[in-house]
Structure formats: C-alpha cells, structure tokens
Amino acid sequence: MPQRRTLLLTRPEAQSAEFAAALEVALPGRFRVVAAPMIEIVALPGTPDLVGVGGLLFTSANGVAQFADRIARRDLPAYCVGAMTAAAARAAGFEAASAGGDVAALAALVAARRRPGGGALLHVRGRHAAGDLAGRLAAAGFEVRAAEIYDQRQRVPGDEALALLQGAGAEAVAVFSPRSARILAQAARDGGWHLAGTTSVALSAAADAGLGEAGFARRMVAATPTREGMIAALAEI
C-alpha cells in the first residue's frame, strides 16, 4: 500500500473533523490528516432581529450554525454562497439555495429569485467578511441588513501541525477561506515555514489569492467550491 500523504486542514477543528471523515470515505487510506486550524469561531452576543426580514443570506456554515443555535424559526428562505453552506443550512432545517460560487454569484442568485420590496435580506455573517455582498444587492435595489454574530479569531496550530510546517513535513495544505489563507501566509512568512515541497489546495480562487506569495511548490484550486470539488482536487495530488 502506498504511504499516506500528510495533509493539513486549516478549517476550525469541528469542520476539519467533518471534512477528514468525508475525505477518508472518498479516498480511503490516501491521507494522514492533521488538523491545523488557523482560526477559531467565537460567538458574539446578541440575537438577530427578524422583524421585516424576508430572507436570509449565509456566506459560511459557521453563520448557519450560529444562527440556528439562537433562533428556532426555519420559515425564511436561505440563500447560500456555496454548496457546503447550503448543505449546512438544509441540515439545520432551512429551505436553502446555493449560488455555487462567491458573493457575486450569491447576489446574482438573489436577484434571479427575488424582487426588491419583498422584505429585507439579513446577512448572517462573521466579523470578517469577504466581498461586498450588501453593496452589490443594494445597487440592485434590495434592502440588506447585517447580523454580525461571530468572530473568526486567529489561532496558532497545534504542536504536530507546527512541526510539520516548520520542518517541511506537510505534503499538502487545504485552505477553505480567504481569511484562513491570509493568516496561514503571514504565519509562514513570520515563522520561516518550509513550504517548497508542499502543495496548497484552495476551495476557491479567492481563498487561493489569500495565500499571496507563501512559497508553496504547487497551488491548486478546486474546480467547484464544494466538498466534492476539494476532494476531487486532493485526489490529483
């Protein structure tokens, strides 16, 4: 049997564990997965006000989880940036549609499905958000409110992950968000990490762009910004 390749997952711990389980089912025995979370999700106080809201905008599975933990209502339609977020929304009980892309695709999905004046759209988001979703939708005549209910705080990976990054022991690193990618790239520069023999695999072009000049030997972007797309990209390593 070929030796397992070492893969670092930069998502928060719970999501890394979920992805690792799906990866092992799809590609059994291919990878030795090590969690290397670059951010941790911290709930912010407050409960979103739904008065006058006609739909929800989710740009991450973290937003879905934080919202679902605080509010029991599931009658509002959920418009999601991608398939992974939409799957999380459906699992939480929402009727969800996926834009299958970035915030530009999400704005286009909303414009195709709704008309301005049908109630405000509530963007359930973290403190750090990529792209100007509210601006795009406002330009199309929609009222958008923001519910900032969690923070994506930087964290230091565990000892095993750090040793692999510092000692050229990681053969692949998976990045799922622009913020995680930027934190990883900055830590690599500050720490002098050895990435010349490492392949990065990004969920999207935006996540890949966040890596800047981190020094990876090879950079790959999933053909689709989905769990299946990431697994398919990893299968090529």
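The preceding data block contains the structure.
Keep in mind that what you see is a predicted model, and the values were worked out from it rather than measured.

Caption draft 1: Structural detail: the pattern of salt bridges. Evaluation of the coordinates by the stated rule reveals 11 salt bridges. One salt bridge connects Arg125 with Glu148, and the closest N-O pair in it is separated by 3.8 Å. Of this pair, Arg125 sits in strand β7 (residues 120-126) while Glu148 sits in strand β8 (residues 144-154); the two residues are 23 residues apart in sequence, bridging distant segments of the chain. The partner of Arg219 in a salt bridge is Asp208, and the shortest N-O contact between them spans 3.2 Å. Highlighted residues: Arg219 in strand β11 (residues 218-221) and Asp208 in helix α8 (residues 205-209), separated in sequence by 11 residues. The class for Arg219 is partly exposed, based on a relative accessible area of 33%.

Caption draft 2: Quick peek at the layout of surface pockets. Considered as a void within the structure, the largest pocket measures approximately 870 Å³ in volume. Elements supplying a minimum of two residues to the lining of the largest pocket: α2 (61-70), α3 (83-91), β7, β8, α7 (178-191) and α8. At four residues, the largest contribution of residues to the lining of the largest pocket is made by α7. Its volume calculated, the second largest pocket comes out at about 470 Å³. Lining the second largest pocket are 21 residues, and of these Arg11, Gln15, Glu18, Ala61 and Asn62 lie nearest its centre. Examining the composition of the lining of the second largest pocket, we find that five residues originate from one element, α3, more than from any other. Of the residues contributing to the lining of the second largest pocket, the split by class is 10 nonpolar, four polar and seven charged.

Reading guide: rules and limits
Residues numbered from 1 in each chain as written. Predicted model: local features only at pLDDT ≥ 70, side-chain atom pairs only at ≥ 80, totals over all residues. Heavy atoms only, no water. Salt bridge = Lys/Arg side-chain N within 4 Å of Asp/Glu carboxyl O. Helix = DSSP H or I, 4+ residues; strand = E, 2+ residues; numbered from the N terminus. Buried < 20%, exposed > 50% of the residue type's maximum accessible area, 1.4 Å probe, protein only. 1 Å grid on protein atoms, 1.4 Å probe; cavity = no way out; pocket = protein on both sides within 12 Å on 5 of 7 lines; lining within 4 Å. Points joined across faces, edges and corners; volume = space filled by probe spheres on them. Nonpolar A, V, L, I, M, F, W, Y, C, P; charged D, E, K, R; others polar.

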